[in-house]
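# Overview (structure and organization)
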Amino acid sequence: MSRSISIGLEVNRRPIRLDVAPNETLAQTLRERLSLRGTKVSCDAQVCGTCTVLVDGRAVSSCTFLAADADGARITSIEGLAEPDAGRLARLQRAFVERAAFQCGYCTPGFLMSATALLAEIPNPTREQVIEYLEGNICRCTGYDAIVAAVLDAADEAADDGSDGRTA
C-alpha cells in the first residue's frame, strides 16, 4: 500500500494543503478533490490538450502531471482565468465568446489555458505562432479559424490598451 504525500500549492489564488497518492494526477486532484471540473480529461496520454492547466505560468497536461510534483507551485485552472474582483470574464475568454470559438465546449478550457500561456510568453503573436503554439490542442467540433482569431483579437486589444492579452 502506498503512502500519501502532503503537498501545499496555490490553486486559482487560493492556498491549498492536502494529501495525495503518489500516482494521483493533477487533473484528478483538481476535478475530484477540489471540485474544479472545468479541467477536462480526454486522452489520458498528453495528446489532446483538453486537460491543460498552468503550473507556475507554464502550460502542462494535467492528465499526466503528478499532483505531488505540483508541491509549492501556483496552479491556474480555467476557473482561475475569470476576474473575480471585476466580476467578468478575462479578455481572452470574452474574445472566445465574441468569435464563437467553440461549439460543444469540451476542449475550450484547454485552448484557453494554452492561449493564456502563449500570450504571457508572446504578447503579440503572429497567426503562425498561434497555430504552432496551439497545435497540441485538438477540437473535433470547430474549424480552428475562430479560435486563432479569438487569440489574435485578445492580443490586439491588449496591445491597444497596453496590457497583456489575458486580462482586462
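From a predicted model like this one, the values you see are computed outputs, not experimental measurements. (Residues numbered from 1 in each chain as written. Predicted model: local features only at pLDDT ≥ 70, side-chain atom pairs only at ≥ 80, totals over all residues. Heavy atoms only, no water.)

### With respect to the overall build of the protein
For clarity, the cut-off: Comment: elements are numbered from the N terminus, with helices defined as DSSP H or I runs of at least four residues and strands as E runs of at least two. Atoms considered for the radius of gyration are the C-alpha atoms alone. The globule rule reads 2.2 Å times the number of residues to the power 0.38. Remark: exposure states derive from per-residue accessible area (1.4 Å probe, protein chains only) relative to the maximum for the residue type, with buried under 20%, exposed over 50%, and partly exposed in between. Note on contacts: a residue pair is in contact if any heavy atoms of the two residues lie within 4.5 Å. For accessible areas, the Shrake-Rupley method is used with a probe of radius 1.4 Å. Any residue's cover is judged against the shown protein chains and nothing else. When charges are counted, Lys and Arg contribute as positive and Asp and Glu as negative, whereas His and the chain ends are disregarded. Every charge is mapped to an atom, namely NZ of Lys, CZ of Arg, CG of Asp or CD of Glu.
Within the protein one finds 5 helices and 5 strands. When the helices and strands of the protein are listed from N to C terminus, the series reads β-β-α-β-β-β-α-α-α-α. What you see for the protein is a C-alpha radius of gyration of 16 Å, in line with the 15 Å of a compact globule of 168 residues. Referenced to the eigenvectors of the C-alpha coordinate spread, the extents of the protein come out at roughly 55 × 35 × 25 Å. The buried share among the 168 residues of the protein stands at 46%. Contacts in the protein between residues far apart in sequence, at least 24 positions, make up 56% of those at least 6 positions apart. Within the structure as shown, the protein displays about 8600 Å² of accessible surface, and the carbon and sulfur contribution to it stands at 47%. Each charge class in the protein can be summarised by its mean position, and for the 17 positive and 23 negative side chains these summaries are 6 Å apart.

### Some words on the pattern of salt bridges
Put simply, the rule reads: Salt bridges are defined by distance alone: a side-chain nitrogen of Lys or Arg within 4 Å of a carboxyl oxygen of Asp or Glu.
Following the criterion strictly, the structure yields 5 salt bridges and no others. Close ionic contact of glutamate 157 with arginine 91 constitutes a salt bridge, the shortest N to O distance being 2.9 Å. On the criterion of sequence distance, the pair formed by glutamate 157 in helix 5 (residues 145–161) and arginine 91 in helix 2 (residues 91–98) is long-range, its members being 66 residues apart. Of the residues examined, arginine 91 reaches a relative accessible area of 1% and is grouped as buried. Between arginine 99 and aspartate 153 there is a salt bridge, with the nearest N and O atoms lying 2.6 Å from each other. Taken together, the residues span a long stretch of sequence, with arginine 99 in the loop between helix 2 and helix 3 (108–121) and aspartate 153 in helix 5 at a distance of 54 residues. Overall, the relative accessible area of 27% leaves aspartate 153 in the partly exposed class. Bridged by salt links that share partners, the residues Arg91, Arg94 and Glu157 form one connected network.

Keep in mind these values describe shape, not function.
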